Amino acid sequence: MDFSNEKIVIEKARDGNFTCKVKLGDTWKYVYSRNKPKRSARISDVQTNKACIILGLGLGYELQEVYEQTPHPIYVIEKHRIFHDFLTQHNKYKKFVNDPRIHFLFEDEVFDTSIPVNICSLIKGRSAIFDDEFYSRAMRHLLLSNKKEKGKILLLRHPTIAYDCMRAFINLGYEVITEDFLNEKQLLQVVEDEPPDYIFSINISNIALSTCKKKNIPYISWVVDSPSLRLYHKD
């Protein structure tokens, strides 16, 4: 059975397992290795004493890693049902589909439900990297549930620890809106349309600095690169 569509292609890898690629604009990007896809999805730091949220089902490799390491409930959030259809047609993955402790939420279903986020660990699957805007909205919805907000933070997305920072801010009671790194004109427009109390980024952003100065908004940056050369710029 063919599980490919115009934006996602699932194919055999060189080691006999499956891999997949997604289309971003005019370019195809592999989610997993073309040679040994399961190795590229290994997770060694699963918290075995709590439930888990997995952002991105993909081909189920991350789910298998978590499933084998924790007896607690697992919540899988996935934008594309094609991955779930793939699992249901392969016998070795059917146990995931039929296990009552695994809960699948697709597309907008996540926005109509509630998950005990504060007692769950969080795993970002490889497929989530290619739909960052959707998974940011999903996590924002889940984390904002029943939270009393202290203020609004505009968080600029980053592939390292931005999800963790967003979760921490919301747990502290802040509303968080997320955006990609934009040019100054675009960022100014976002700030005017939905004024934040703070702007936060991973590493220094000269555009964010300039925007905050013009709009008199406090700027917070967590510098993770060492050295961060922008810290030495006179501007």
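Quick caveat, the model's predicted, so the values are computed rather than measured.

(A) Structural view of the environment of L57. With respect to the helices, strands and loops of the structure, L57 is situated in the loop between β4 (51-55) and α1 (61-67). Taking relative accessible area as the criterion, L57 reaches 1% and is therefore assigned buried. Residues L57 and Q89 lie 32 residues apart in sequence; the distance between their C-alpha atoms is 15 Å. Ignoring any residue separated from it by four or fewer positions in sequence, one finds L57 in contact with Y32, E62, L63, V76, I77, E78, F83, H84, L87, F104 and S127.

(B) Expanded view of the environment of A13. Following the sequence through the fold, A13 ends up in the loop between β1 (8-12) and β2 (18-24). The class for A13 is buried, based on a relative accessible area of 8%. Distance in space between the C-alpha atoms of A13 and R42 is 16 Å, their sequence separation being 29 residues. The contact partners of A13, leaving out residues within four places of it in the chain, are F18, T19, S33, R34, N35 and P37.

(C) Structural detail: helix α6 (residues 184-193). Buried within α6 are the following residues: L187, L188, V190 and V191. Burial along α6 is one-sided: seen end-on, the buried residues are contained in an arc of 160 degrees. Residues of α6 that are exposed and point more than 90 degrees away from the buried face comprise K185 and D193. Looking at the buried side of α6, the elements it contacts are β8 (152-156), β9 (175-179), β10 (198-202) and α7 (206-215). Measuring from the side-chain oxygen of the N-cap residue of α6 to the backbone nitrogen of K185 gives 3.2 Å; that N-cap residue is N183.

(D) Just the sheet that holds strand β5 (residues 74-78), in detail. If you trace the 4 strands from one edge of the open sheet to the other, you get β6-β5-β4-β7, paired in parallel fashion. The open sheet terminates on both sides in strands that have one partner only, identified here as β6 (102-106) and β7 (120-124). Averaged over all adjacent pairs, the angle separating strand axes in this sheet is 20 degrees, with direction ignored. Across 5 bridges, the pairing between β4 and β7 is parallel. Bridge pairing in β7 links I54 to I123. The strands that helix α4 (residues 132-144) touches are β4, β5 and β7; relative to β5, the one it contacts most, it runs at about 135 degrees.

(E) Molecular detail of the sheet that holds β8. Taken together, 4 strands build an open sheet; the order of strands is β9-β8-β10-β11 and the sheet is parallel. A single partner strand is all that each edge strand has here, and the edge strands are β9 and β11 (219-222). Taking the axes of each pair of neighbouring strands and ignoring which way they run, one obtains an average angle of 25 degrees across the sheet. Two elements, β8 and β10, share 3 bridges in a ladder whose sense is parallel. Within the sheet, the bridge partner assigned to I153 lies in β10 and is Y198.

(F) View of unusual backbone geometry. Located in the positive-phi region is E107, a residue other than glycine, with phi close to 45 degrees. For E107, the location among the structural elements is in the loop between β6 and β7. Even without a glycine there, the phi angle at N216 is positive, about 55 degrees. You can see N216 is positioned in the loop between α7 and β11.

(G) Geometry of the pattern of salt bridges. Within this structure, the stated rule accounts for 12 salt bridges. Note that K79 and D131 form a salt bridge whose closest N and O atoms lie 3.4 Å from each other. Placement of K79 in the loop between β5 and α2 (82-88) and of D131 in the loop between β7 and α4 is noted, with a sequence separation of 52 residues between them. Assessed through its relative accessible area of 31%, K79 is described here as partly exposed. Relative accessible area serves as the criterion here: at 17%, D131 is assigned to the buried category. As a salt-bridge pair, D132 and R157 come within 3.7 Å of each other at their nearest N and O atoms. Pair noted here: D132 is in helix α4 and R157 is in the loop between β8 and α5 (162-171), with a separation of 25 residues, a long-range link. Connected through salt bridges with shared partners, the residues K124, D132, R157 and D180 form a single ionic network.

Quick notes on the rules
Sequence order sets the numbering: in each chain, residues are counted from 1 along the sequence as written. The predicted origin of the model limits local features to residues at a pLDDT of at least 70 and limits the giving and counting of side-chain atom pairs to 80 or more, whereas totals for whole chains, interfaces and linings rest on all residues. For side-chain calculations, the full set of non-hydrogen atoms in the structure is used, while hydrogens and water are omitted. Numbering goes from the N terminus for both helices and strands, where a helix is a DSSP run of H or I of at least four residues and a strand is a run of E of at least two. Classification of residues uses two cut-offs on accessible area relative to the type maximum, computed with a 1.4 Å probe and protein chains only: under 20% is buried, over 50% is exposed, and between them is partly exposed. Contacts between residues were defined by any pair of non-hydrogen atoms, one from each residue, lying within 4.5 Å. Along the arc lie the directions from the helix axis toward the C-beta atoms. N or O atoms within 3.5 Å of each other form a polar contact, as long as, within protein, one can give a hydrogen and the other can take it, and as long as residues adjacent in sequence are counted only when both atoms are side-chain atoms. DSSP-based pairing: two strands are paired if at least 2 bridges between them are found. Axis angles are defined between N-to-C directions and span 0 to 180 degrees, where every axis is a line fitted to C-alpha atoms and, for a helix, only to the segment in contact. Salt bridges are defined as contacts in which a side-chain nitrogen from Lys or Arg sits within 4 Å of a carboxyl oxygen from Asp or Glu.

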